[in-house]
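The lines below spell out each chain.
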Amino acid sequence: MPSVSLTDAGWVIFQPLNLAQHNDSIGVSGIMYYAINGTNVALTAMLSVIMIARLHDMYQGSRMMLMFLLIIFLGVHIACGVIAAITLNWLLDSMVWMLNTVWEVLSLCLSVWIAVKHFRALTCF
């Protein structure tokens, strides 16, 4: 087992995992990896469509809000699908996670905003 002297402790080089090196011949683990990525992208897209429908209803069928949500949805999920298809390292996986988080936070803010607006209108009467 190689040993590291105390003077070399500050020189640790971080090397990200490169899955392209390990998946030269697609085996069972490579197929499972791509199946899980594809399933995650498809499931997230389906749940986002439900969220768009609910937000569209909360905004009383506003076409402007629907167009805004659809443009953001398509941008995020097309990018996530492409990144998931060409994933080479953990950095791209974290980009998919960040894009989905941005989408979720945006939809949360829109739903909280319309709920607050609705409850303020109720207290005015």
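In this text the structure is predicted, and so the values were computed from the model without any measurement.

Here we take up the overall build of the chain. Each helix and strand in the chain was counted, giving four helices and zero strands. What you see in the chain, going N to C, is helices and strands ordered as α-α-α-α. Every one of the 125 residues in the chain was classed for burial, and the buried ones make up 20%. Summed over all atoms, the accessible surface of the chain reaches about 9,600 Å², with 74% contributed by carbon and sulfur.

So, about the environment of M95. In this fold, M95 is placed in helix α4 (residues 90–124). Sequence separation between M95 and C80 is 15 residues, and the spatial gap between their C-alpha atoms is 8.0 Å.

The topology assignment puts S107 in helix α4. Given the relative accessible area of 3%, S107 is considered buried. Every residue in contact with S107, bar those within four places of it in the chain, is listed here: M51 and L55.

Now for the nonpolar core. Core analysis: the biggest nonpolar cluster contains 14 residues, and I52, L55, Y59, M65, L69, W103 and L110 have the highest contact counts within it. If you list the elements that add at least two residues to this core, you get α2 (28–58), α3 (63–85) and α4. Residues contacting Y59, with those up to four places away along its chain left out, are M65, L110, W113 and I114.

What follows is about α3. Here α3 contains 23 residues, and its C-alpha end-to-end distance of 32 Å stays within 8% of the 33 Å for a straight helix at 1.5 Å per residue. The N-capping residue of α3, defined by a side-chain oxygen 3.5 Å from the backbone nitrogen of M64, is S62.

The next subject is the packing of aromatic side chains. According to the stated counting rule, one finds two aromatic pairs in the structure shown. Above the plane of the ring of W113 lies K117, whose end atom (NZ or CZ) is 5.7 Å from the centre.

Okay, the environment of I36 next. Positionally, I36 belongs in helix α2. Sequence spacing of I36 and A84 is 48 residues, and the spatial spacing of their C-alpha atoms is 9.8 Å.

What counts, and at which threshold
- Residues numbered from 1 in each chain as written.
- Predicted model: local features only at pLDDT ≥ 70, side-chain atom pairs only at ≥ 80, totals over all residues.
- Heavy atoms only, no water.
- Helix = DSSP H or I, 4+ residues; strand = E, 2+ residues; numbered from the N terminus.
- Buried < 20%, exposed > 50% of the residue type's maximum accessible area, 1.4 Å probe, protein only.
- Areas by Shrake-Rupley, 256 points an atom, 1.4 Å probe, with all protein chains shown as cover.
- Contact = heavy atoms within 4.5 Å.
- Core = buried A, V, L, I, M, F, W, Y, C linked by side-chain atoms within 4.5 Å.
- Expected span 1.5 Å × (residues − 1).
- Polar contact = N/O pair within 3.5 Å; in protein donor to acceptor, adjacent residues only side chain to side chain.
- Phe/Tyr/Trp six-rings, centres within 6.5 Å; stacked < 30°, edge-to-face > 60°.
- Lys NZ or Arg CZ within 6 Å of the ring centre and 35° of its normal.

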